[in-house]
Structure formats: C-alpha cells, structure tokens
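Each chain, letter by letter, is given below.
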Amino acid sequence: MDYKNAGVDIEAGYRSVELMKEHVKGTMRPEVLGGLGGFSGAFSMSAFKNMEDPVLLSGTDGVGTKIKLAFLLDKHDTVGIDCVAMCINDVACAGGEPLFFLDYIACGRNYPEKIATIVSGVAEGCRQAGAALIGGETAEHPGLMPEDEYDLAGFAVGVAERKDLITGENIKAGDTLIGIASSGVHSNGFSLVRKVFRMNVEALNTYYDNLGCTLGEALMVPTRIYVKALKSVKTAGVVIKGCSHITGGGFYENIPRMLPDGVRAVIKKDSYPVLPIFRMLQEEGGIAEEMMYNTYNMGLGMVLAVEPADTDKTMEAIKAAGEIPYVVGSVEAGEKGVTLC
C-alpha cells in the first residue's frame, strides 16, 4: 500500500506545478522574491516603503457554484479570472493597489493538465489586475470530492495610502453615482441560475439570438476586473468618495455598504441597459424584479460616488481604461439604503 493507492498521486502534483510555472511567470512583479515551489511566497516591501502611511488591504473569495458549469462544459480556463476578480475588486474598491494573489484548488483527483488550465485563468486575472501570483496550493481529496470535480478559492493583498482609502464617510446629498458595466452574471447567484436553466450540455450549448451566443457562453463570461478603471479615475485627479462592488446581494445589500448614515442612493433603472442574460433569467425563472436586484449585478459591476463637478472627468477616465460607464443616479438625504426607480 502506498499514497497513490490511497488516492493521492504525488507525481501528478509535481507535474501540475511544472505545467503551471509558465503561466505564473507572466504575473511577476519586481518585488517578488524567489520562485514558485517554496513553502511561502515572498514579496518585498519596497513596493510601499516610500509611502507616507501605507495600509494593507486583503480580500478572499471563491467562484461559488458557477464552477458547476465549468464541469459540465469541460471549460476551465476562465474560472480563475472569476476567482481573482472576486477578491481583487474588493481590494480595489477600498482604494487599494493589488500586490499579490494566492490560489487554493481542492480536487478529487489531480489531473495536471486541468489544474494547469485552471491556473492559467488565475494568472490571466492577475495580469489584468497587475498583481503577482506568488503561491498557491493544490490539494487532492480522494473520498471527499468526486474525481472530476474541484473547488477554487483565492486570497489577495493590496496597499493604499491611508489618506487615499475609499471609505464613503464623506459622501453627501447631491453626489453623483456612476456605474461601470459588468460583463454578465459574474460569479454570484449561480445556485439560482442552476435552478432556472436546465443544467446539461445540450441546454448550455443552445444558441440564442437575444444573447448573441450560447447560454453556456453567456453564463461563463468571466467577471470584469476594475483595477485599471479605478486607477484611471484616481490618475485623472478625481477623489472617489465611495465605491461598491456589486456582488452577492446585488444592489440592495452592496450599495448601502459604501454609504454613511443620513444619505441614501437613488438609482434610475432606465439609466443603463440591463444585459439580455438577466432579462432571460428573470423571464424563464419567473423571478420578481426586486429579487433580481437583490441577487445580481443587473449589468453594473461597480458603482462609484463622486462630486457632481467630477462627473465628466470620471466618465472619461473610465472610458480611457476600456470600460463602459453610466451616470445611474445620485445621493439624497434620508435613511441609509438604496431606492431603485
């Protein structure tokens, strides 16, 4: 009897590391010390040693049940982008510059090529965010998970000057709310998605004119990473007073998180286009509109609060970063919360 007979293939683990090294290499930053394969990832503090009052920011998250679609479609190259986005967008919306990322893959059986494909997506997400992928873990769990399944989670660290932290504390009535377009469902609410749509290869590979692609392609579009857009706004000289990453809980849970007491966000639903996948999901599932806005991003991945005088400058900066912005509403005096009208 040996470890391999017990279900854990050490040699497959070695091969996975070798295959993923090429992907990881493309994420390196000058501050990264050492290479992949050590017991820990090392990152020099030279990245922020000259900052006046540096604050470290961290975020951790996973891909959720969206990963079930990856199993069905045998498509594993984009869920890593989702994982990075879910962690790093949280760091970025607090004003942080992402520094490094670590991933964790738990699998029933280590298939080296599949693991390397998953990590290629993680590396791509890190490249989009400007973060280094400095380490990770692939854990083989025979008997705990089916052999052909896995789970993926990650952890991100960023840094910001204390004075540049986006806290929302100075948001006031009259401020403008600007939304940045999402790419689709992102990585939230897939337990409901999987109840609404038939989860088989035939259904997911069905083409829909209103989507312009197959259902599976529309659902698997990776989460947008908004680091460059937020950095572009800052570089343009705009102070972002508040920022909300629209994830699980949709508008109703996430937008109030950036607001101080005494003000509420008022968002006009007709101020931007709701993506077709959300219309289809609502109609097919008979889901109430309020529940849609309480579960999904509905086409907006980030919402920013800025001074009215900075509206045009903010819009141009977001466009310059390759994203699509919309003026979606404003801040009014009242009980903290959000009104959709």
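Engineer: What's the story with the overall build of the chain in this structure? I'm lost.
Structural biologist: A tally of regular secondary structure across the chain gives 12 helices and 14 strands. Overall, the chain is about 70 × 55 × 30 Å in size when its C-alpha atoms are taken along their principal axes. A total of 341 residues make up the chain; the buried ones form 52% of that total. A separation threshold of at least 6 residues defines the contact pool for the chain, and within that pool the share at least 24 residues apart is 85%. Accessible surface for the chain amounts to roughly 15,500 Å². Of this, 51% is attributable to carbon and sulfur atoms. In the chain, 31 positive and 44 negative side-chain charges are present, and the distance between their average locations comes to 3 Å.

Engineer: Even after reading the chapter, I still don't get empty space enclosed by the protein, so can you show me in this structure?
Structural biologist: Where empty space is left can be seen by rolling a probe of water-molecule size over the atoms. Summed over the entire model, instances satisfying the criterion amount to 1 cavity of 30 Å³ or more. Its boundaries defined by the atoms lining it, the largest cavity holds a volume of some 30 Å³. Lining the largest cavity, in full, are C107, R109, Y111, K114, I115, E147, D148, E149 and Y150. Broken down by class, the residue content of the lining of the largest cavity amounts to 4 nonpolar, no polar and 5 charged.

Engineer: Would you mind showing me how to read the sheet that holds strand β10 (residues 242-245) here?
Structural biologist: Through backbone hydrogen bonds, the strands of a sheet pair up, either in parallel or in antiparallel fashion. An order of β10-β12-β7-β13-β11-β14 is seen for the 6 strands of this open sheet, with the pairing classed as mixed. With partners counted over all chains shown, the strands left at the sheet margins are β10 and β14 (337-340), one partner each. Neighbour to neighbour, the strand axes of the sheet diverge by 25° on average, direction disregarded. Both strand β11 (residues 263-267) and β14 contribute to a ladder of 4 bridges, which runs parallel. Within β14, the residue paired with A265 across the bridge is V338.

Engineer: Quick question: what am I supposed to make of the nonpolar core here?
Structural biologist: The nonpolar side chains of a soluble globular protein tend to be buried, and buried together. If you look at the biggest cluster of nonpolar residues, it comprises 93 residues, and the most contacted ones within it are F101, L219 and F251. Considering each element in turn, this core owes the most residues, 9 residues, to helix α3 (residues 79-92). Residues in contact with L219, not counting those within four places in the same chain, are K66, L69, V185, F190, V193, F197, L204 and I277. Core analysis: the next-biggest nonpolar cluster, separate from the first, contains 9 residues, F48, A132, V157 and V159 among them.

Engineer: Looking at this structure, how should I read unusual backbone geometry?
Structural biologist: Note: most peptide bonds trans; most residues except glycine with negative phi. Of note, the phi angle at D74 is positive, near 50°, even though the residue is not glycine. Mapped onto the elements of the fold, D74 is located in the loop between α2 (67-73) and α3.

Engineer: What is the right way to look at the packing of aromatic side chains in this model?
Structural biologist: For any two aromatic rings, the description comes down to two numbers: the centre-to-centre distance and the angle of the planes. Enumeration over the complete set of coordinates arrives at 5 aromatic pairs. Ring geometry for F43 and F100: centres 5.1 Å apart, planes at 45°, overall tilted. In this pair, F43 sits in strand β2 (residues 42-43) while F100 sits in strand β4 (residues 97-107), placing the two residues 57 residues apart along the sequence. Among the residues examined, F43 registers a relative accessible area of 15% and is labelled buried.

Conventions used here
- Throughout this document, residue positions are counted from 1 along each chain, in the order its sequence is written.
- Since the coordinates come from a predicted model, pLDDT governs what is reported: local features require at least 70, and pairs of side-chain atoms require 80 or more to be given and counted, while whole-chain, interface and lining totals use all residues.
- The side-chain values count all of the structure's non-hydrogen atoms but skip hydrogen atoms and water molecules.
- In this text, helices come from DSSP runs of H or I with a minimum length of four residues, and strands from runs of E with a minimum of two, each type numbered from the N-terminal end.
- Only protein chains enter the accessibility calculation, which uses a 1.4 Å probe; a residue whose area is less than 20% of its type maximum is buried, one above 50% is exposed, and one in between is partly exposed.
- Two residues qualify as a contact provided that any one of their heavy atoms is within 4.5 Å of a heavy atom in the partner residue.
- Accessibility throughout is a Shrake-Rupley quantity obtained with a 1.4 Å probe, and a residue counts as covered only by protein chains that appear here.
- When charges are counted, Lys and Arg contribute as positive and Asp and Glu as negative, whereas His and the chain ends are disregarded.
- A single reference atom marks each charge: NZ on Lys, CZ on Arg, CG on Asp, CD on Glu.
- Here the term cavity refers to a set of points on a 1 Å grid, laid over the protein atoms alone, in which a 1.4 Å probe fits but cannot get out; the term pocket refers to an open set having protein on both sides within 12 Å along at least five of seven lines, with lining residues being those that place an atom within 4 Å of a point.
- Grid points are joined across faces, edges and corners, and a volume is the space filled by probe spheres set on the points.
- Amino acid classes used here: Ala, Val, Leu, Ile, Met, Phe, Trp, Tyr, Cys and Pro are nonpolar; Asp, Glu, Lys and Arg are charged; the rest, including Gly, are polar.
- For two strands to pair, DSSP has to find at least two bridges joining them.
- Only the contacting stretch of a helix is used when fitting its axis, a line to C-alpha atoms as for every element, and angles between N-to-C directions run 0 to 180 degrees.
- Put simply, a nonpolar core is a bunch of buried Ala, Val, Leu, Ile, Met, Phe, Trp, Tyr and Cys residues held in one set by side-chain atoms that sit within 4.5 Å of each other.
- Note on aromatic pairs: the rings of Phe, Tyr and Trp (six-membered ring only in Trp) are paired at centre separations within 6.5 Å, and the planes decide the class, stacked below 30 degrees, edge-to-face beyond 60, tilted for the rest.

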